Amino acid sequence: MISSRYALPVTMLLALALIPTVFHSYLAALIDDGRSVESISHVLGDFSSQPYNRHKAQWVKEVFDSQDWVERIYKSSSGAKVRLFVVRSYDLKRLYHHPELALSRGEDLKSEGVFMLHGKSEIPVHLLQSNSGYGLVAYVLLHDGMFIKDPLAHQLLEAFKQLVSARKAMTLFYVSDSI
């Protein structure tokens, strides 16, 4: 039994813990930024696309907790092919925690690090190379209008804000030349 002199501080701590619980579990507070993967063009530069049905909607829902996704094969006029998989989810960890394990299953990939693309803004690109040398994967993470270099550090820095604010979707752009 707890002493009555600790009842008020314990009650206050429990009430404080209820705020994010109610906000995220019962109210399911989400911010819809109006973006959708369907707005991605079927023609990107010299590449035109066709749908790719490798993954099913139920699989994407289970793995990434998302219904907003697209998977396409882009082919250039020279014959080069790449697979683009783009998914948006409010469960950030499902997107940033080793997406290659789900999307390039069976491929032996090693990280080549994060490289910065320079342009209007710097875009951190996570690169993975097949151990055989014949496959390359690149992915980019976008959250709240910012490209994310270190998703774990980003989530830790945003943790207190995320406790008391509505969740925002993260977008994973995943490109592989292994089809």
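Thresholds, definitions, all that
Residue indices begin from 1 for each chain and proceed along its sequence in written order. For a predicted model such as this one, the threshold for reporting local features is a pLDDT of at least 70, and the threshold for listing and counting side-chain atom pairs is 80 or more; totals across whole chains, interfaces and linings nevertheless cover every residue. Side-chain measures here rest on the full set of heavy atoms in the structure, leaving out hydrogens and waters. When accessible area is computed with a 1.4 Å probe and restricted to protein chains, residues below 20% of their type maximum are described as buried, those above 50% as exposed, and intermediate ones as partly exposed. What counts as a helix is a DSSP run of H or I of at least four residues, what counts as a strand is a run of E of at least two, and both are numbered from the N terminus. Two strands are said to pair when DSSP picks up at least two bridges between them. We call a set of buried residues a nonpolar core when its members are Ala, Val, Leu, Ile, Met, Phe, Trp, Tyr or Cys and they connect through side-chain atoms within 4.5 Å of each other. Whether two residues are in contact is decided by their heavy atoms, any of which lying within 4.5 Å being enough.

## Digging into the pairing of strand 5 (residues 81–89)
Among the nine residues of strand 5, seven are classified as buried, and the element is accordingly described as predominantly covered. Counted along the chain from strand 4 (residues 68–76) to the antiparallel partner strand 5, the turn is four residues long, and its residue glycine 79 has a positive phi close to 100 degrees. Relative to strand 11 (residues 170–176), strand 5 runs antiparallel, the two being bridged by seven bridges. For arginine 83, the partnering residue across the bridge sits in strand 11 and is serine 176.

## What about the nonpolar core?
Note on soluble globular proteins: their nonpolar side chains tend to be buried together. With 19 residues, the main nonpolar core has Phe64, Phe85, Val87, Leu141, Met170, Leu172 and Tyr174 as its most contacted residues. Where this core is concerned, the elements lending two or more residues are helix 2 (57–64), strand 5, helix 3 (92–96), helix 4 (99–103), strand 8 (136–143) and strand 11. If sequence neighbours within four positions are ignored, tyrosine 174 has contacts with Arg83, Leu84, Phe85, Pro99, Glu100, Leu103, Ser104, Leu109, Val137, Ala138 and Tyr139. Judged by nonpolar contacts, the second largest core, of six residues, contains Ile40, Val70, Tyr74 and Val86.

## Looking at the pairing of strand 3 (residues 47–51)
The pairing of strand 2 (residues 43–44) with strand 3 spans two bridges and is antiparallel. Note on strand 3: the bridge partner recorded for leucine 44 is phenylalanine 47. Connecting strand 2 to the antiparallel partner strand 3 that follows it, the hairpin turn spans two residues, and glycine 45 within it adopts a positive phi of roughly 60 degrees.

Scope: geometric values only; no functional claims are made or implied.
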